[in-house]
Every structure is written in structure tokens, then in C-alpha cells.
Amino acid sequence: MQIRIIGTGSYVPEKALDNQALERMVDTSDAWIRERTGIGSRRITQTGTTDMAIRAARRAMEMAGLSPEELDLIVVGTSTGDCLFPNTACEVQAALGAKEAACFDLSAACSGFLFSLNTACVYLESGVYRTALVIGTDSLSKTVDWSDRGTCILFGDGAGAAVLKKEESVSRVGPFLMKADGNRGEVLRCMGTPLRNPFIKEETDAKESVMGETGEQKSEENETDFGYLSMNGQEVFRFAVKTVPEVLEELLWRAGVSAEEIQYFVLHQANERIIGSVAKRMKQPLSKFPMNLEHYGNTSGASIPILLDELNREGRLRKGDKLALAGFGAGLTWGATFLVW
Ligand code: UT7
């Protein structure tokens with residue numbers, strides 16, 4: 001029995017923010033953004049991470065022809081969930097009516113979909129579950145400092161999904177690889193809810209200073225201080241152009257196939273120059289590296305499943321095609337997955 005993808009789906013918000021609009025917000029230009037990244041526009045959500053996940057999931061489930069009750073597992077790769085809890089997967093479960101499914105989110109930033117896909121495959125391989133819905137969904141727009149031209153030009157929002165089933169088939173998912181280097185976390189970071197409790201000395205002092213005579217707390221204490229995404233772009237660039245070819249080469253070796261046999265390399269859509277550099281290192285034509293980042297920017301954990309769904313719906317994937325998926329992101333994390341379509 002093999003694990004195969006029986007349905008894909010994706011969703012991007014309607015609101016588009018093009019480079020010309022960004023020119024009016026920060027000191028940048030369409031020419032600079034296109035030349036350095038390949039990005040022309042991005043989509044911005046007005047409904048949030050869960051809503052996008054549900055829309056992508058519905059499309060994937062419809063293609064799969066699976067009823068929600070048949071789903072055993074829902075894994076959502078996201079680092080921008082609407083809530084700290086419940087997790088996004090539980091909210092998707094409720095919306096779909098997938099009442100038998102175990103549900104959890106997985107945080108690996110832009111590697112989130114690949115890590116979720118690989119994790120779901122392990123459950124299916126081991127026989128614990130037979131079906132799974134895997135989603136990559138992110139709203140980086142809410143973590144971006146819209147006055148920082150070094151980052152706000154890069155990211156967009158979206159979601160992509162795939163439905164997996166274990167059955168007799170020539171199609172298969174795997175082998176796969178997941179890598180991490182926690183020592184380099186500072187290169188790309190976004191702080192979450194600040195630590196705030198009455199037992200932290202500084203907080204207590206600050207609290208005392210805003211207490212009224214009645215002991216009533218003033219509004220300052222309720223102000224939240226969520227961090228913005230911070231990034232050393234050049235470091236991330238160097239990391240990506242080194243690790244993505246390495247992980248792809250290891251993947252192909254494990255799968256026992258050559259780069260020439262791969263129909264498409266479906267890579268995380270971060271920067272056209274990164275993808276070009278990987279193609280060069282792999283000695284493969286750029287035509288084997290489909291891209292949609294011109295329209296959506298970097299949608300983080302959603303970029304690979306959105307691209308996969310587009311290829312699928314455009315009829316560009318034929319049965320038996322060999323695909324290599326690879327991504328990288330904060331953590332630092334990176335990984336790859338081999339597919340026979
Ligand atoms: O999912 C992973 C997410 N992260 C990534 O994939 C990021 C990977 N890194 C990159 O894509 C690139 O490093 C960037 C696109 C972020 C930046 O491109 P770069 O070629 O590395 O530019 P740079 O940071 O070296 O900056 C070059 C110049 C600087 O000006 P000076 O110091 O040479 O005068 C920047 O201040 O470009 C300036 N600059 C800009 N100019 C116009 C930086 N951002 C902008 C901008 N518009 N948006």
C-alpha cells in the first residue's frame with residue numbers, strides 16, 4: 001500500500017497589493033522589488049488564517065471525493081494561527097464536520113506544509129491512520145512591519161491543502177527529509193504574546209506605577225506588545241541557496257532517481273533569484289521550476305501547496321510524474337519530499 005495525494009486545493013484572498021501600492025507606503029520601487037525578488041503583487045487577507053485554511057480544505061476534499069467523516073487526521077502547518085488555542089486544525093475540523101479526525105497544528109514557519117505533509121505520512125505509513133488532510137495556511141501580513149521596506153515587500157497571505165490516502169497505487173509520497181538548525185533562530189524571528197504575569201519584577205513595578213489610588217488598573221497595562229517579524233535577508237538568502245540544493249540532492253539519492261527524471265521541482269516561493277540559483281546548482285532548466293511568486297509573493301507555509309494545486313488544476317501533472325518538493329524557513333528549518341504523482 002502506498003500513500004498518495006488524492007486531492008489538492010488552495011485559496012488566496014481577493015485583495016491584491018501590488019508593487020505600485022507599496023511604492024506609496026515605503027521608499028521602494030516596482031523595479032527594485034521585481035529585480036531583487038521577482039514579486040509583482042501579493043494578496044492580503046481580511047478574514048484570517050483559519051478562514052483561508054477552510055476554503056482551501058473544502059476544495060481539496062471536493063477533489064478527493066472523500067466525505068469529512070472519512071478523515072482520520074488533520075494537520076495544519078501554520079505560524080500565524082488566529083488563536084493560540086484552539087488550534088487551527090480543530091477549527092477546520094468543526095467547519096468540515098470531520099468529527100472522527102485527530103487534529104493538531106505544526107509550527108515550522110515556511111517549512112510548515114512540508115513538515116506537516118511528512119508528519120502525516122509517518123502516521124499513514126505506520127498504519128495508525130488511513131486518510132489525512134494536510135494544510136499550509138499563513139497570514140504573514142499581520143506579522144509584517146508595514147514601514148519596513150526590507151520585509152513588507154516580500155510576504156502575502158494564502159492557504160493550500162492536500163488530502164492523503166493509503167491505498168494500492170503507483171502514485172506515492174516519500175521518501176522525505178526534515179532538517180533544522182535552532183542555533184540560527186535569530187536570522188528570522190517573530191515574537192509571540194509577551195510574557196506577562198504578576199510575578200515578573202519589572203512587570204510588577206510597571207504595574208504599581210500605573211495603579212490608581214483605588215488600586216484600579218489603568219489602560220496602559222492592557223496594551224499588548226506583539227513583535228514584528230525581523231529578518232536578516234542576506235543570511236536567509238545564503239542559507240536557502242546552500243541548503244535547498246543539498247537537501248534536494250539527498251532526497252534524490254534516497255529516492256534512487258536522478259535530477260533529470262524529475263518533472264517539476266516545486267519549491268518554496270520566496271525569491272526568484274533563490275529558485276534560479278537552485279536550478280543552476282541542480283544543473284536543471286529553470287522551466288522545471290514552476291513559479292507563482294510574481295502574483296502572490298511569499299505565502300510562507302502555503303506557498304508549496306498553492307503551487308502544487310495550481311499545477312494539478314492546470315493539468316500539468318501526469319500520472320507517474322516524479323516531483324521533488326523543497327522548502328526552507330524560520331527555525332531555521334528546511335526539508336524536502338519526493339512524490340510520484
Ligand atoms: O521564507 C523565507 C523568507 N525570507 C526570505 O526568503 C529572504 C531571503 N532574502 C532575500 O530575498 C533578499 O535578501 C531581500 C530581497 C530581502 C533583499 O535583497 P538583497 O539583494 O539581499 O538586498 P540588501 O538587503 O543587500 O539591500 C541592498 C540595498 C540596501 O541599500 P544600500 O545599503 O545598498 O544603500 C537596502 O537598504 O537595497 C535597499 N533595500 C531596498 N531598496 C528599495 C532593501 N529593501 C529595499 C526595498 N526597496 N524594498
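Along each chain, numbering runs from 1 in the same order as the chain's sequence is written. Residue-level local features of this predicted model are given only where pLDDT is at least 70; pairs of side-chain atoms are given and counted only at 80 or more, and the full residue set underlies all totals for whole chains, interfaces and linings. Side-chain calculation: all heavy atoms of the structure are included, whereas hydrogens and water are not.

A closer look at the state of the cysteines
In plain terms, two cysteine sulfur atoms within 2.5 Å form what is called a disulfide here. Counted under the stated rule, the structure contains 0 disulfides. No disulfide involves Cys90; its sulfur sits 4.6 Å from the nearest other cysteine sulfur, which is in Cys103. Counting only cysteine sulfurs, Cys103 is the nearest neighbor of Cys121, a cysteine outside any disulfide, at a range of 17 Å. Burial status follows relative accessibility: with a 1.4 Å probe on protein chains alone, a residue under 20% of its type maximum counts as buried, one over 50% as exposed, and anything between as partly exposed. Since its relative accessible area comes to 0%, Cys121 is described here as buried.

Concerning the sheet that holds strand β5 (residues 102–106)
Being paired, for any two strands, means DSSP has found at least two bridges between them. The way it works is that DSSP assigns letters per residue, a run of H or I at least four long becomes a helix, a run of E at least two long becomes a strand, and they are numbered from the N terminus. Strand order in the open sheet made by the 5 strands is β1-β7-β6-β4-β5, with mixed pairing throughout. At either margin of the open sheet sits one strand with a lone partner, and together these are β1 (2–11) and β5. Between one strand axis and the next, the sheet turns by 15° as a mean value, whatever way the strands run. Together, β4 (73–77), β5 and β6 (131–139) form the strand contacts of helix α4 (residues 88–96), whose direction differs from that of β5 by roughly 140°. Taken strand by strand, helix α5 (residues 112–125) contacts β1, β4, β5, β6 and β7 (157–167), and its axis lies near 165° from that of β6. Each axis is a line fitted through C-alpha atoms, taken for helices only over the stretch in contact, and angles between the N-to-C directions span 0 to 180 degrees. Contacts are assigned to residue pairs with any non-hydrogen atoms lying within 4.5 Å of each other.

Some details on unusual backbone geometry
Cis geometry is found at the peptide bond from Phe85 to Pro86, where omega equals 5°. Mapped onto the secondary structure, Pro86 falls in the loop between β4 and α4. That bond from Gly331 to Leu332 is cis: its omega, -5°, falls within 30 degrees of zero. At Ala109, a residue that is not glycine, the phi angle is positive and equals roughly 50°. Note that Ala109 resides in the loop between β5 and α5.

As for the pairing of strand β11 (residues 264–267)
Look at any regular strand and the pattern is simple: side chains alternate between the two faces of the sheet. Across the two faces of β11 the burial is the same, with Tyr264 and Val266 and Phe265 and Leu267 all buried. Note: β11 against strand β12 (residues 322–329), 4 bridges, orientation parallel. Bridging across to β12, Tyr264 finds its partner in Leu323.

Brief notes about helix α2 (residues 30–37)
For α2, every residue scored as buried is listed here: Asp30, Ile33 and Thr37. Looking down the long axis of α2, one finds its buried residues gathered within 75° of arc, a one-sided arrangement. Seen from the open side of α2, the exposed residues pointing more than 90 degrees away from its buried face are Ala31 and Glu35. Structurally, α2 contributes buried residues whose contacts are with α1 (19–23), β3 (41–43), α9 (272–281) and α10 (293–296). Working definition: the arc comes from the directions between the helix axis and the C-beta atoms, pointing outward to the latter.

Digging into the site of the ligand
Nearness here has a simple test: a residue counts as near a molecule or strand if at least one of its heavy atoms is within 4 Å of that partner. Around the ligand sit 21 residues in total, of which Thr28, Arg36, Gln234, Asn271 and Asn298 are the nearest. One of the side-chain nitrogen or oxygen atoms of Trp32 is found 3.4 Å away from a nitrogen atom of the ligand. For the ligand, whose free accessible area comes to 950 Å², the fraction covered by protein is 72%. Put simply, the parts of the chain that give the shell around the ligand at least two residues each are α2, α6 (149–152) and α8 (233–255). N or O atoms closer than or at 3.5 Å make up a polar contact, with two conditions inside protein: a donor-capable atom paired with an acceptor-capable one, and, for residues adjacent in sequence, both atoms drawn from side chains. Shrake-Rupley sampling with a 1.4 Å probe provides the accessible areas, and residues are treated as covered by the protein chains on show and by no other component.

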